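Inside the fold
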Amino acid sequence: MKNIITIGASSSKKSLNKVLAEYVGSLVSNVELTKVDLNDYEMPIFSIDIENEQGFSSGVKALNKVIDSADGFIISFAEHNGAYAAVFKNAFDWLSRINGKVWRDKPMLLLSTSPGERGGATVLDIAKGRFPFNGGVMVGALPFPSFNDNFKDGEIVDLDLKSDILNLVASFQKAI
């Protein structure tokens, strides 16, 4: 059975992006989902000095092992000041030091969401531009605007957004 990793790229305990990534992951058929919470992987702020003096922390090694097990990724990004949340950027920096092909040439479905109308579109554009250089095979990407209005009681209520998500999931399903 294929193993799909979902990541809500946020440190929030009530992350909208974690909810979205896991919801979209649940729509993929016949896979095992590994739900990554970046808060579960302790690691220092990336520094070449720390790497040289201490090597890789147990949190970085554990997260890298999870990444190694993946057949595909569904990541939803929180946008902090137009870029990745610090917790994600830090993990990404550490992982890239172990293996520059962080995403192991596996299929990826990228999302972002926020309470706002743009749904984190700026950070999503950053990831779409960066990840192919780090072994990400882009299957699709979608900013999910106005999360609190468009996702209620565990479901997407906007029919156009739901259709877009289902189309992305179908493409992802074929790619894995």
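What you are looking at is a predicted structure, and each value in this text was computed from that prediction instead of being measured.

**Details of the overall build of the protein**
Broken down by element type, the protein carries 7 helices and 9 strands. In summary, the protein has a C-alpha radius of gyration of 16 Å against a globular reference of 16 Å for 176 residues, a match within 12%. Considering only C-alpha atoms, the protein reaches an extent of 55 × 35 × 25 Å along its principal axes. Across the 176 residues in the protein, those meeting the buried criterion constitute 47%. Sequence separation of at least 24 residues holds for 78% of the intrachain contacts in the protein that already meet a minimum separation of 6. Counting 18 positive and 21 negative side-chain charges, the protein places the centres of these two groups 4 Å from one another.

**Things to note about helix α3 (residues 58-68)**
Taken as a whole, α3 has its buried residues at Gly59, Val60, Leu63, Asn64, Val66 and Ile67. On an axial view of α3, the arc spanned by its buried residues comes to 155°, and they lie on one face. Turned more than 90 degrees away from the buried face of α3, the exposed residues are Ser58, Lys61 and Lys65. At its buried positions, α3 is contacted by β1 (2-9), β2 (31-36), β3 (72-77) and α4 (86-98).

**As for the pattern of salt bridges**
Summed over the entire model, instances satisfying the criterion amount to 7 salt bridges. The salt bridge partner of Glu51 is Arg97, with a shortest N-O separation of 2.7 Å. You can see Glu51 sitting in helix α2 (residues 48-54) and its partner Arg97 sitting in helix α4, a full 46 residues away along the chain. In this structure, Lys162 and Glu155 form a salt bridge, with 3.3 Å as the shortest nitrogen-oxygen distance.

**Comments concerning the packing of aromatic side chains**
Counted according to the given criterion, the structure contains 18 aromatic pairs. Between Phe77 and Phe131 the ring centres are 5.8 Å apart and the planes differ by 55°, which places this aromatic pair in the tilted class. Of the two residues, Phe77 is situated in strand β3 and Phe131 in the loop between α5 (121-130) and β7 (136-144); the sequence distance between them amounts to 54 residues. One exposure class covers both Phe77 and Phe131, and it is buried.

**Here we look at helix α7 (residues 159-175)**
Under the 1.5 Å per step criterion, the end-to-end length of α7 is 24 Å for 17 residues, consistent within 8% with the ideal 24 Å. Buried residues of α7: Leu161, Ile165, Leu168, Val169 and Phe172, and no others. Projected onto a plane normal to the axis of α7, the buried residues spread over an arc of 105° and lie on a single side. Exposed side chains of α7 directed beyond 90 degrees from the buried face belong to Leu159, Asp160 and Lys174.

**Considerations on the pairing of strand β6 (residues 106-113)**
Burial runs high along β6: 7 of the 8 residues are buried. Where β6 meets β7, 8 bridges bridge the pair, whose relative direction is parallel. Within β7, the position partnered with Leu109 by the bridge is Gly140. Taken together, β6, α5 and β7 form a β-α-β motif whose crossover is right-handed.

Cut-off values and rules
- Residues numbered from 1 in each chain as written.
- Predicted model: local features only at pLDDT ≥ 70, side-chain atom pairs only at ≥ 80, totals over all residues.
- Heavy atoms only, no water.
- Helix = DSSP H or I, 4+ residues; strand = E, 2+ residues; numbered from the N terminus.
- Rg over C-alpha atoms; globule rule 2.2 N^0.38 Å.
- Buried < 20%, exposed > 50% of the residue type's maximum accessible area, 1.4 Å probe, protein only.
- Contact = heavy atoms within 4.5 Å.
- Lys, Arg positive; Asp, Glu negative; His and termini not counted.
- Charge placed at Lys NZ, Arg CZ, Asp CG, Glu CD.
- Arc of directions from axis to C-beta.
- Salt bridge = Lys/Arg side-chain N within 4 Å of Asp/Glu carboxyl O.
- Phe/Tyr/Trp six-rings, centres within 6.5 Å; stacked < 30°, edge-to-face > 60°.
- Expected span 1.5 Å × (residues − 1).
- Pairing = 2+ DSSP bridges.
- Right-handed = clockwise from strand over helix to strand, strands pointing away.

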